[in-house]
Amino acid sequence: MFTGIIESVGKVKSMQPTGGDIRLTIESDELDFSDVKLGDSIASNGICLTVVDFGSNHYSVDVSRETIARTALETLKAGHTVNLEKAMLPTTRFGGHIVAGHVDGVGIVSKLQQDARSIYIEIEIPQELAHYTATKGSITVDGISLTTNLVRDNIVSLNIIPHTAKVTNIAKHWLVGNKVNIEVDIVARYLERLLNKSQTGGMNAPSTQSQITEAFLADNGFMK
């Protein structure tokens, strides 16, 4: 699990095709590798990937065809910058929101402009993910935990403060037309699952009726 608070920006050192998959190597002089070991998870642009090799300032991961097909990873090239976050510890300060590192879909940056000292951004996300987002809710874009300004249909608007732009790859890499990895709030997915189960039942449904209804969610601030 992750928090969406980026620890450092790395750089793609190489992307080597290996038996139909890709061996991706990322280097960073800022990420602390002192506690990294084989099998650890590092979110790379929001994708939870397993370390299969590492050194004092780099690590390598194997990327399956499934991951390549479902993320924006195929747009990366050697030299591109990526957002990095190691898996959280039980003692880690929870600064962002619950991030699984499981990309739900690929969005496209549709608007980007300066807005006072911040950067105003609009991202077009897949239509099937739109109902998981909410105004002033949380969304993960390229591994960054962000708060949505507004959600209109499948367009999510965001304001990036100077600090976030500085410590991520936003200012260096995001351009109109760029593809970005999207992970919706995992809580929204579980709420949908509970709602569907309470409404449709099924062979594994409990004998007592669920108290989680749309009215309950609205009364408790989960729906607008």
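Below, the structure is looked at part by part. (Residues numbered from 1 in each chain as written. Predicted model: local features only at pLDDT ≥ 70, side-chain atom pairs only at ≥ 80, totals over all residues. Heavy atoms only, no water.)

Taken together, six strands build a closed barrel; the order of strands is S1-S2-S5-S4-S3-S6 and the barrel is antiparallel. Put simply, the sheet's adjacent strands are angled 45 degrees from each other on average, direction ignored. As paired elements, strand S4 (residues 47-54) and strand S5 (residues 58-63) share three bridges and run antiparallel to each other. By the bridge assignment for S5, Asp 53 is matched with Ser 60. (Pairing = 2+ DSSP bridges. Helix = DSSP H or I, 4+ residues; strand = E, 2+ residues; numbered from the N terminus. Axes fitted to C-alpha atoms, helices over the stretch in contact; angles between N-to-C directions.)

Time to look at the pattern of salt bridges. With the rule as written, the count across this model stands at six salt bridges. Note that Glu 66 is salt-bridged to Arg 70, the shortest N-O span being 2.4 Å. Taken together, the residues Glu 66 and Arg 70, both in helix H1 (residues 65-70) and four residues apart, mark about one turn of the helix. Overall, the relative accessible area of 51% leaves Arg 70 in the exposed class. (Salt bridge = Lys/Arg side-chain N within 4 Å of Asp/Glu carboxyl O. Buried < 20%, exposed > 50% of the residue type's maximum accessible area, 1.4 Å probe, protein only.)

What follows deals with unusual backbone geometry. Located in the positive-phi region is Ala 116, a residue other than glycine, with phi close to 60 degrees. Tracing the backbone through its elements, the reader meets Ala 116 in the loop between strand S7 (105-115) and strand S8 (118-124). The backbone of Asp 142 sits at a positive phi, close to 50 degrees, despite the residue not being glycine. Examined against the element boundaries, Asp 142 turns out to sit in the loop between strand S9 (138-141) and strand S10 (144-147).

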